[in-house]
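Single-letter residue listing:
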Amino acid sequence: MTHLREGGTTPWAAWTGTVDGPASPLLPGAQQLELLRRVNQRGPVPPALVERVLSASAAGRGRPDLELVGARPASEFGPPPVDPAALPAEELLRVVALLLAEDLAAEGCVDQEPDDLGRLVGDAARRMRRSGRGPWLRPWRTKYRLVGDPWRADALRRDLTERGRPPGGRGALVLVVADDLATMLADLWTDRCFSTGVAVPAWGPWLDSLAGARRIARGADPALVAATWAERVGRERVRVVLDDGQLPALLGVPALTPRPPVPAEAAELARLVAKALGLRVTPDAGRRIMRERLLPRLLDHPGAPLAVPPEHHRWIHRRSVRIRDAVRAGDYPVLGEVDGLVSRPRALAASGETLSGEAADERVLALAVDLLLAPDGAQDRTGPQEAGT
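Q: Looking at this model, I keep getting lost on the side chain of Ser320. Mind explaining?
A: Along the chain, Ser320 falls in helix 13 (residues 313-330). On the basis of relative accessible area, Ser320 is assigned to the buried category, the value being 0%. One polar contact links the side chain of Ser320 to the main-chain amide nitrogen of Ser343, over a distance of 3.1 Å. In this view, Ser320 contacts Leu181, Leu341, Val342 and Ser343; residues no more than four positions away in its chain are not counted.

Structure below.
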């Protein structure tokens, strides 16, 4: 442990050093020791972060803190000792996700803050009042409501609100934002990964659960969403949006910012952090923390987008064709080409990262360690552990 505290990177099985003085009666688990060794490999580690790693728990379900092989006499009780270097990345991610969640929660409480949209609407309204250009001076502008693909709709809503075009109003057009089914499923899963309060399965198991369902998830079924809103407001006030490029002219803004491109490993890390963060803050606060604090840091890291595993290509293609046909049958005005709803087999085969296996977990772990060491993280703050170092 002293070797690791001093920045050492030698694996446990290869270490041949000796301990000066009495050995500590308590050793951290193998997960914590191996994580610290991995962090040391990335660069200098502040003393406060060293102590936090060594004293951290492992979030979520999994194996408890594990003993080191050869560090204690053999016991008939409990899990067998392990070589830390042999632990799968999944076990280390449980520890680092908890540390990142602690950092995010400690950056400041947002429970009493208004939600994202309310804050942005208020800021935009104040800017408009100061400039004398309030939105009430432009009654001819199209009023709108954004529904459908939640990740894409949220990005558009934020962008429009910051431009002084908040949603709502009497007679608003209902804009059902959509894409091909594979993209909408990836967006829906990503949106849930950046929320707290509800446990989200990993990408593969989540798709497995949808494959056998009679209905696709609501946020990925624009035909169902459009039909629901058509019953409420009438078909003439519903638009299915497949081409964001047509929205600026419709809504009276110069341009729109595209949705955030979140790499596959970044979304998976967000899922793990959200699970740990959900134990510390309310769901509304957790959602804001994930999107306002974690998301900007993750967007700086390159990586391939999510992709559908090959075993799901066939049903996604078939289901996307049914969705396209339902949109056509509903006779809704469509901004873009309605065939854009179809996930083509060739495009599915050529898409990005399927996010499964030990190699994928290792990339997620590398990203997590980078965030833990990032200058804007919370590792430089002093804590109760530092007082004893």
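Q: Got a minute to help me understand the packing of helix 2 (residues 30-42) against helix 4 (residues 89-106) in this structure?
A: The axes of two packed helices give the description: the angle between them and the distance between them. Direction vectors running N to C along helix 2 and helix 4 enclose 75°, while the axes themselves pass 9 Å from each other. As the angle between them shows, helix 2 and helix 4 are arranged roughly perpendicular. Mapping the contact onto sequence places Gln31, Gln32, Glu34, Leu35 and Arg38 in helix 2 and Glu91, Leu92, Arg94, Val95, Val96 and Leu99 in helix 4. Among the residues making up the contact of helix 2 with helix 4, the classes are represented as five nonpolar, two polar and four charged.

Q: How should the side chain of Arg152 be read in this particular structure?
A: Structurally, Arg152 is set in helix 6 (residues 150-162). Beyond its immediate stretch of four places on either side in the chain, Arg152 contacts Val177, Ala178, Asp179, Asp187, Val241, Leu242, Asp243, Asp244 and Arg259.

Q: I keep staring at the pairing of strand 1 (residues 144-148) and nothing clicks. Help me out?
A: Looking along a regular strand, one sees side chains alternate from face to face of the sheet. Within strand 1, four of the five residues are buried, leaving the element largely enclosed by the surrounding structure. Relative to strand 2 (residues 173-177), strand 1 runs parallel, the two sharing five bridges. When the sheet's bridge partners are listed, Gly148 is paired in strand 2 with Val177. Between the parallel pair strand 1 and strand 2, the chain is carried across by helix 6, and the sense of this crossover is left-handed.

Q: Sorry if this is basic, but what is going on with the environment of Leu269 here?
A: Its location among the elements puts Leu269 in helix 11 (residues 264-277). Sequence separation between Leu269 and Leu365 is 96 residues, and the spatial gap between their C-alpha atoms is 8.0 Å. Once you skip the residues sitting within four places of it in the chain, Leu269 turns out to touch Leu100, Leu298, Val364, Leu367, Ala368 and Leu371.

Q: It is not clear to me how the packing of aromatic side chains should be interpreted in this structure. Could you clarify?
A: Any aromatic ring pair is given by two values, namely how distant the centres are and how the planes are angled relative to each other. With the rule as written, the count across this model stands at three aromatic pairs. Aromatic side chains Trp151 and Phe194 sit 5.3 Å apart centroid to centroid with 35° between the ring planes, which places their arrangement in the tilted category. Linking Trp151 in helix 6 with Phe194 in the loop between helix 7 (181-193) and helix 8 (203-211), this pair joins segments that are 43 residues apart in sequence. Ring geometry for Trp203 against Trp206: centres 6.0 Å apart, planes inclined by 25°, an arrangement best described as stacked. Remark: Trp206 and Trp203 occur in helix 8; sequence separation between them is three residues, near one turn of the helix. Summarising the burial analysis for this pair, Trp203 and Trp206 share the class buried.

Q: Got a minute to help me understand the sheet that holds strand 3 (residues 238-241) in this structure?
A: Whether parallel or antiparallel, the strands of a sheet pair through hydrogen bonds between backbone atoms. Reading across the sheet, the four strands line up as 1-2-3-4 and stay open at both edges, with parallel pairing between neighbours. A single partner strand is all that each edge strand has here, and the edge strands are strand 1 and strand 4 (334-335).

Q: What is the right way to look at the pattern of salt bridges in this model?
A: Opposite charge on two side chains permits them to pair, given that their charged atoms come into close proximity. With the rule as written, the count across this model stands at 20 salt bridges. In this structure, Asp154 and Arg158 form a salt bridge, with 3.0 Å as the shortest nitrogen-oxygen distance. With Asp154 and Arg158 both in helix 6, this residue pair falls four residues apart, about one helical turn. Asp154 is the salt-bridge partner of Arg291, the closest N and O atoms lying 3.3 Å from each other.

Q: Sorry if this is basic, but what is going on with a positive patch on the surface here?
A: Taken together, the side chains of Arg145, Arg214, Arg215, Arg218 and Arg232 present a region of like positive charge at the surface. Checked against the element boundaries, Arg215 lands in the loop between helix 8 and helix 9 (222-233).

Rules used throughout
- Residues numbered from 1 in each chain as written.
- Predicted model: local features only at pLDDT ≥ 70, side-chain atom pairs only at ≥ 80, totals over all residues.
- Heavy atoms only, no water.
- Helix = DSSP H or I, 4+ residues; strand = E, 2+ residues; numbered from the N terminus.
- Buried < 20%, exposed > 50% of the residue type's maximum accessible area, 1.4 Å probe, protein only.
- Polar contact = N/O pair within 3.5 Å; in protein donor to acceptor, adjacent residues only side chain to side chain.
- Contact = heavy atoms within 4.5 Å.
- Axes fitted to C-alpha atoms, helices over the stretch in contact; angles between N-to-C directions.
- Parallel < 35°, antiparallel > 145°, perpendicular 65-115°, else oblique.
- Nonpolar A, V, L, I, M, F, W, Y, C, P; charged D, E, K, R; others polar.
- Pairing = 2+ DSSP bridges.
- Right-handed = clockwise from strand over helix to strand, strands pointing away.
- Phe/Tyr/Trp six-rings, centres within 6.5 Å; stacked < 30°, edge-to-face > 60°.
- Salt bridge = Lys/Arg side-chain N within 4 Å of Asp/Glu carboxyl O.
- Patch = residues over 30% accessible without salt bridge, like charges linked within 9 Å, V, L, I, M, F, W, Y side chains within 5 Å.
- Areas by Shrake-Rupley, 256 points an atom, 1.4 Å probe, with all protein chains shown as cover.
- Lys, Arg positive; Asp, Glu negative; His and termini not counted.
- Charge placed at Lys NZ, Arg CZ, Asp CG, Glu CD.

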